[in-house]
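Spelled out, the chains give:
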Amino acid sequence: MGRRERKKAQTRQALADAALELFLERGYDQVGVKDVADAADVSVTTLFKHFSGKEALVFDQDDDLEAALVAAVRERPPGRSIPQALREHLLLSQTQLAVHAADPRFADFARMVQETPVLRDYAQRMWTRYETALARAIAEDVGAPEDDVSCAALARFALESRGLILGHAEPRRAAEEVFALLEHGWAASPPGN
């Protein structure tokens with residue numbers, strides 16, 4: 001990465017860090033984009049060069065998360081199925097989430113998102129966009145039409161399984177069971193087997 005790219009990444013991170021600090025300290029609705037720009041010592045124009053809006057400041061890793069999901073499909077090793085690649089990706093994400101959860105601000109961040117309607121809506125739109133991008137990557141990989149319902153279903157079920165997996169006492173076992181079902185179907189792996 002060149003100097004210019006490093007400076008851009010540093011500015012983006014400074015904005016995201018300032019926003020999180022202010023949002024957690026004062027509350028999301030009590031902070032404006034000018035407050036964030038001032039705290040990061042940049043102009044509002046610079047802020048909007050890095051983020052599309054106030055909500056995007058909260059979800060600063062949005063594009064990286066989507067890219068990683070798509071890469072899990074496109075860059076998987078030969079012989080690894082799409083469900084297997086998505087399972088491993090979600091388990092890796094769970095490990096990374098545990099690191100974030102160790103941050104004392106994580107619970108406050110999660111509560112802020114849950115209690116702020118505009119952030120909940122943004123997160124849902126973000127998740128829907130991930131589903132669309134993932135479905136397209138799956139369809140492209142298997143040579144199916146972009147709007148193939150089976151590819152869309154696999155993307156949706158894989159993404160929705162995250163909540164089940166993360167909430168389970170044994171996440172790895174839960175991921176193996178869920179993705180075995182996605183890989184082989186209900187008839188091939190009924191419960192209890």
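Since we're looking at a predicted model, the values are computed, not measured.

Caption draft 1: Main features of the pattern of salt bridges. One pass over the structure, following the stated rule, counts 14 salt bridges. The salt bridge involving Asp108 is made with Arg111; its shortest N-O contact spans 2.4 Å. Taken together, the residues span about one helical turn, with Asp108 and Arg111 both in helix α7 (residues 106–115) at a distance of three residues. Residue class for Asp108 comes out partly exposed when judged on its relative accessible area of 35%. Classification of Arg111 as partly exposed rests on a relative accessible area of 41%. Residue Arg136 is joined to Glu146 by a salt bridge in which the shortest nitrogen-to-oxygen separation is 3.2 Å. One end of the pair, Arg136, is in helix α8 (residues 117–142); the other, Glu146, is in the loop between α8 and α9 (149–167), and 10 residues separate them in sequence. Under the relative-accessibility criterion, Arg136 is labelled partly exposed at 42%. A cluster of three or more residues bridged by salt bridges with shared partners is formed by Asp62, Glu66 and Arg129.

Caption draft 2: Seen up close, the packing of aromatic side chains. In this structure the tally under the stated criterion is four aromatic pairs. Taking the centre distance of 5.4 Å and the plane angle of 15° together, the rings of Phe59 and Tyr122 count as stacked. One end of the pair, Phe59, is in the loop between α4 (54–58) and α5 (62–74); the other, Tyr122, is in helix α8, and 63 residues separate them in sequence. Residue Phe59 is classed as buried on the basis of its relative accessible area of 12%. Feature note: the residues Phe59, Phe109 and Tyr122 constitute an aromatic cluster, connected by ring pairs.

Caption draft 3: Quick look at unusual backbone geometry. A positive phi angle, close to 60°, is found at Asp41, a residue other than glycine. Secondary-structure assignment places Asp41 in the loop between α2 (33–39) and α3 (44–50). By relative accessible area, which is 70% here, Asp41 ends up exposed.

Caption draft 4: Region of the structure containing α9. Over its 19 residues, α9 extends 28 Å from the first C-alpha to the last, a length consistent with the 27 Å expected when each residue adds 1.5 Å. The sharpest bend along α9 measures roughly 25° and falls at Ser161. All of the buried residues in α9 are Cys151, Leu154, Ala155, Ala158, Leu159, Ser161 and Ile165. Backbone nitrogen of Ser150 and a side-chain oxygen of the N-cap are separated by 3.0 Å at the start of α9; the cap is Asp148.

Caption draft 5: Focus on the side chain of Ser81. For Ser81, the location among the structural elements is in the loop between α5 and α6 (82–101). In this structure, Ser81 is in contact with Arg76 and Glu183, ignoring residues within four places of it in sequence.

Caption draft 6: The arrangement of the packing of α5 against α8 in detail. With their axes 9 Å apart at the nearest point, α5 and α8 run at an angle of 25° to one another. Between α5 and α8, the angle falls in the class roughly parallel. Relative to α8, α5 is oriented so that their crossing is right-handed. Contact residues: α5 offers Asp62, Asp63, Leu65, Glu66, Leu69, Val70, Val73 and Arg74, while α8 offers Tyr122, Met126, Arg129, Tyr130, Ala133, Leu134, Ala137, Ile138, Glu140 and Asp141. Its residues assigned to classes, the contact of α5 with α8 comprises 11 nonpolar, no polar and seven charged.

Calculation rules
- Residues numbered from 1 in each chain as written.
- Predicted model: local features only at pLDDT ≥ 70, side-chain atom pairs only at ≥ 80, totals over all residues.
- Heavy atoms only, no water.
- Salt bridge = Lys/Arg side-chain N within 4 Å of Asp/Glu carboxyl O.
- Helix = DSSP H or I, 4+ residues; strand = E, 2+ residues; numbered from the N terminus.
- Buried < 20%, exposed > 50% of the residue type's maximum accessible area, 1.4 Å probe, protein only.
- Phe/Tyr/Trp six-rings, centres within 6.5 Å; stacked < 30°, edge-to-face > 60°.
- Expected span 1.5 Å × (residues − 1).
- Bend = angle between axes of the 7 residues up to and from the residue.
- Polar contact = N/O pair within 3.5 Å; in protein donor to acceptor, adjacent residues only side chain to side chain.
- Contact = heavy atoms within 4.5 Å.
- Axes fitted to C-alpha atoms, helices over the stretch in contact; angles between N-to-C directions.
- Parallel < 35°, antiparallel > 145°, perpendicular 65-115°, else oblique.
- Left-handed = near helix turned anticlockwise from the far one by under 90°.
- Nonpolar A, V, L, I, M, F, W, Y, C, P; charged D, E, K, R; others polar.

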